[in-house]
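Topology and contacts: notes
What follows is the residue order along each chain.
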Amino acid sequence: MSADSPRRSPGKANAGLIVLPQPVTDPSLIDSVTGFIQEVVPQAYGCSTNDNREVITWVRVLQADINDPAFYPDTGEQDGVPPLLLALGYGSGVQVWLVPVTGEAREVLSWSQSSVRTLCILPTPEIRLPLKQDLYKLKRPLVAMVDNAGPGPQFCAVSFISLRDGDQVKSIKFSHQVWDVVANRRSVVISLAERIAVFDAATLEDNLVVTTCYPNPDINPVALGSRWLAYADRRLVSQWRSQGGCQSEGPHSVTATMFHAAKFLGKGLRDLSETVASSLTGSSPENSSLHHNHPPEPCLKGIVTILDLEMRVSKDTNEDDYQTGANRVVAHFNAHLEPIVALSFDHSGLLLVTADKRGHRFHVFRINPHPCGPTLAHVNHLYVLHRGDTTARIQDITFSSDSRWVSISSMRGTTHVFPITPYGGPVGVRTHTTPQVVNKLSRFHRSAGLTDEGRNSPVLWESPPSTSSAAPLPTTITALAQVRRQTMIPTTPTEDSIVRLAATFGAPRAPALAPHPRTRRAMDSLYVMGCNGILIQYDLEPRPFSGVNKEKVCDDTSIELHVEPRAEWVLQRPPYSSSVHPPLACTNPLLNQPEPPTPTDSQPDEERWLSQVEIVTHDGPHRRLWMGPQFTFVTVNPNNEAGDVLDINKQVVRSSPVNMPLKQPLIIESAGSCSSLELSPNMVELVYKTDNWSGRLREDLAEAMLESPTGRSTGGVENYDDLSLSSYDSASHCSPSPSLTAESGQAFPGDAL
């Protein structure tokens with residue numbers, strides 16, 4: 001194999017292939033026509049496709065110890081970037097690829113014996129209780145695989161195989177087919193058509209079984225966070241219902257209304273034709289229902305239930321509730337009006353994205369649990385992500401690491417990228433064009449006293465804040481980018497394909513093709529893996545909307561997303577390639593798990609983080625004096641000693657009206673890092689270093705009052721507007737406090753003005 005070839009073999013047995021990144025080439029017109037002919041013309045006419053390579057039936061992004069962000073400290077270097085772990089399912093096997101930050105993709109696992117429906121590499125379990133032990137510590141890492149090998153029904157058993165020695169440590173058989181297997185450090189969740197089984201990650205023993213899943217013949221969607229499990233429920237239990245949720249999906253467009261009318265008309269015509277046909281044949285639709293044993297159980301659509309898998313529930317209370325998870329409910333709410341087909345948690349486990357069967361709109365919820373039960377929990381409906389008006393089946397949902405971007409892929413081969421914030425609200429230049437996550441309120445809003453309920457400054461208030469307890473309406477967001485390539489569409493789709501497209505966010509790779517920037521990017525790159533075996537890296541750059549003049553760009557300006565295909569990896573397995581099956585070689589990256597950072601290594605980062613928090617969150621905002629109500633009036637007694645220039649214990653001298661000029665000079669101070677009754681050190685130093693400061697200050701104040709718009713001269717006598725006592729009291733309380741409120745959201749060092 002030549003040195004310029006993007007694919008090469010390491011030359012060792014059971015070592016796997018290595019694929020180098022290549023520049024992305026757009027398909028030409030001839031390639032597009034050829035692909036169309038291959039899709040339309042049957043294979044019997046002699047059209048061979050893609051060098052007789054196997055067809056990829058599903059693609060998946062895996063999470064294991066090798067790419068756990070907890071094992072990679074955020075140092076900004078290449079060593080702190082976790083690799084990508086991808087799984088490709090074929091008609092006769094499975095293949096796992098590892099793509100590090102260097103860009104050299106390596107084949108770390110490969111089977112070529114049977115059809116595999118799903119594969120999951122189990123993370124190392126977290127041992128929390130002293131009585132719990134890892135029974136398979138010497139066998140790890142383990143992989144959970146669902147295939148059609150062995151006797152009995154196909155895809156009805158989950159095999160746990162050791163990658164270290166190749167032994168099958170356990171096999172769990174079910175009476176129905178298994179749809180999916182997901183795992184974290186505490187639980188292994190197996191999704192079947194009619195139920196969900198949860199097993200302990202350390203012992204692989206069953207913990208609970210959920211039997212109230214919505215009857216979906218295609219897939220039983222689940223979402224597993226670090227502790228919570230979300231699934232589609234078939235009923236709405238009133239004693240579990242949480243506050244909030246989806247109250248309305250908002251108005252529909254004209255196109256959606258026309259599609260719905262056409263669908264309703266088509267259904268009416270089909271019902272009419274069935275009625276006419278039954279009248280001619282002598283059979284009635286009512287008689288056909290007698291062939292069923294029982295009528296179908298009525299089910300509600302769009303209900304989501306979230307369980308706490310780590311909640312300690314006594315087995316002595318109620319065995320049924322313990323097995324079904326009735327005592328583990330965290331939240332129970334209505335998410336859609338149609339059946340749910342996809343769910344996904346973000347990295348924090350507090351944001352949940354749901355997708356229904358139509359695929360028009362996706363909902364983003366923030367889960368606020370309550371220790372007293374799900375009825376007191378609150379589910380904030382933050383966003384409605386609008387994809388389009390055509391029906392599409394959703395197959396993949398993923399979050400960025402900072403929860404500011406969501407990518408949603410459909411069966412049509414399109415990946416939609418949406419901007420969001422963890423606390424909701426509109427998005428713009430301030431929220432998405434910087435590498436750091438900013439607070440919900442900017443420094444301007446905090447210092448000026450502006451909140452979501454209204455303005456808490458008496459100077460700018462027009463009406464008291466609303467006391468209504470109604471939840472705010474969600475913000476509707478449209479996709480900023482739609483990534484789609486014709487080469488990702490399979491030429492021979494199969495009915496057993498569960499996932500044909502997968503996407504994930506990550507740091508840029510392939511430094512030879514995309515050099516790492518010196519400054520940190522505003523967002524990570526998007527990696528899309530298609531069913532043609534090609535992984536593509538898209539560099540994303542959020543920018544202010546191009547239709548706005550640069551001089552008029554502000555924090556609230558809308559943004560657009562610039563998408564550039566940077567590199568691609570051809571990962572599809574070539575014909576007659578060797579397998580990388582267990583037991584794996586000692587040099588395999590899956591066996592060399594990264595070590596978690598030691599406390600000594602993380603101590604400097606923690607100290608630096610705490611110092612930044614103290615500076616950013618407790619330091620007063622530095623603003624111009626005319627940018628908000630931030631004046632405080634402090635009286636100074638020049639006759640006192642140096643230590644008694646400002647006596648904070650005594651009340652400030654007030655009068656209504658104020659007699660001007662006063663015998664005691666008046667100092668106007670801006671609310672910077674000082675409180676409303678604290679003299680800044682710079683002012684104290686200025687007072688004592690100035691000669692004859694009392695007379696000069698009195699002259700400056702008298703001159704300023706003559707130019708003030710509030711003072712007016714009438715016949716040599718100066719009249720001034722009254723400064724009432726009530727206005728002074730309210731103004732003294734409007735000074736911004738250094739501390740933050742709960743509405744400020746999370747504080748990060750890069751908070752923009």
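Structural notes, computed from the coordinates. Because the structure is a prediction, the values reported are computed rather than measured.

Examining unusual backbone geometry
Cis geometry is adopted by the peptide bond preceding Pro141, which originates at Arg140 and carries an omega value of 5°. With respect to the helices and strands, Pro141 occurs in the loop between β7 (116-121) and β8 (142-147). Following Pro582, the chain continues to Pro583 via a peptide bond in cis, the omega torsion being 0°. Assignment of secondary structure puts Pro583 in the loop between β32 (559-570) and α7 (599-618). You will see that Leu204, though not glycine, has its phi angle at about 60°, which is positive. Here Leu204 lies in the loop between β13 (196-200) and β14 (206-210). For Leu204, a relative accessible area of 0% corresponds to the buried category. With a phi angle near 60°, Tyr576 is a residue other than glycine that sits in the positive phi range. By the secondary structure assignment, Tyr576 is in the loop between β32 and α7. Owing to a relative accessible area of 86%, Tyr576 belongs among the exposed residues under this scheme.

Quick notes on the pairing of strand β4 (residues 84-90)
For β4, the buried fraction is high: seven of the seven residues fall into the buried class. Side chains Leu84, Leu86, Leu88 and Tyr90 project from β4 onto one buried face, and the interleaved Leu85, Ala87 and Gly89 project onto a second face that is buried too. Sheet topology note: the strand β3 (residues 56-61)/β4 ladder contains five bridges and is antiparallel. Bridge pairing in β4 places Trp58 opposite Gly89. In the sheet, β4 pairs with strand β5 (residues 93-99) via seven bridges, with the strands oriented antiparallel. Along β5, the bridge assignment pairs Leu88 with Gln95.

Things to note about the environment of Asp524
Counting through the fold element by element, Asp524 comes out in the loop between β29 (501-506) and β30 (525-530). As a C-alpha pair, Asp524 and Thr504 span 20 residues in sequence and 9.6 Å in three-dimensional space. When near neighbours in sequence (up to four residues on either side) are disregarded, Asp524 contacts Ser401, Phe505, Gly506, Ala507 and Leu540.

Thoughts on the pattern of salt bridges
Under the criterion given, the structure shown has 17 salt bridges. In this structure, Arg566 engages Asp539 in a salt bridge whose closest nitrogen and oxygen atoms are separated by 2.9 Å. Note that Arg566 is positioned in strand β32 and Asp539 in strand β31 (residues 534-544), a separation of 27 residues in sequence. Judged by relative accessible area, which is 24%, Arg566 ranks as partly exposed.

Brief notes about the side chain of Ser191
As for its position among the elements, Ser191 is in strand β12 (residues 187-192). A polar side-chain atom of Ser191 sits 2.9 Å from the main-chain carbonyl oxygen of Asn220. Beyond its immediate stretch of four places on either side in the chain, Ser191 contacts Val178, Trp179, Asp180, Asn220 and Val222.

A few points about the packing of aromatic side chains
For any pair of aromatic rings, the description consists of the separation of the ring centres together with the inter-plane angle of the planes. Overall, the coordinates contain three aromatic pairs when judged by the stated rule. Each ring, one from Phe333 and one from Phe365, has its centre 5.1 Å from the other, and the planes form 55°; the classification is tilted. Taken together, the residues Phe333 in strand β19 (residues 329-334) and Phe365 in strand β22 (residues 361-368) connect sequence positions 32 residues apart. With respect to burial, Phe333 and Phe365 carry one shared label: buried. Taking the centre distance of 6.5 Å and the plane angle of 45° together, the rings of Tyr527 and Trp569 count as tilted. Residue Tyr527 is found in strand β30, and its partner Trp569 is found in strand β32; the two are separated by 42 residues along the sequence.

What to know about the nonpolar core
Ranked by internal contacts, the top residues of the largest apolar core, which has 25 residues, are Leu85, Val96, Trp111, Leu119, Ile121 and Leu590. Mapped by element, the contributors of at least two residues to this core are β4, β5, β6 (105-111), β7 and β8. Those residues in contact with Leu85 that lie beyond four places of it in its chain are Arg60, Val61, Leu62, Ala64, Ile66, Asn67, Val96, Trp97, Leu98, Ile121 and Leu590.

Here's the deal with the sheet that holds strand β16 (residues 228-233)
Read from one edge to the other, the open sheet built from four strands follows the order β15-β16-β18-β19, with strand pairing classed as antiparallel. In this open sheet, the two edge strands, each paired with only one partner strand, are β15 (222-224) and β19. Mean inter-strand twist for the sheet, computed between neighbouring axes without regard to direction, equals 15°. Pairing of β16 with strand β18 (residues 303-308), which is carried by six bridges, proceeds in the antiparallel orientation. From the neighbouring strand, Ala232 faces β18, where its bridge partner is Val304.

Cut-offs and rules
- Residues numbered from 1 in each chain as written.
- Predicted model: local features only at pLDDT ≥ 70, side-chain atom pairs only at ≥ 80, totals over all residues.
- Heavy atoms only, no water.
- Helix = DSSP H or I, 4+ residues; strand = E, 2+ residues; numbered from the N terminus.
- Buried < 20%, exposed > 50% of the residue type's maximum accessible area, 1.4 Å probe, protein only.
- Pairing = 2+ DSSP bridges.
- Contact = heavy atoms within 4.5 Å.
- Salt bridge = Lys/Arg side-chain N within 4 Å of Asp/Glu carboxyl O.
- Polar contact = N/O pair within 3.5 Å; in protein donor to acceptor, adjacent residues only side chain to side chain.
- Phe/Tyr/Trp six-rings, centres within 6.5 Å; stacked < 30°, edge-to-face > 60°.
- Core = buried A, V, L, I, M, F, W, Y, C linked by side-chain atoms within 4.5 Å.
- Axes fitted to C-alpha atoms, helices over the stretch in contact; angles between N-to-C directions.

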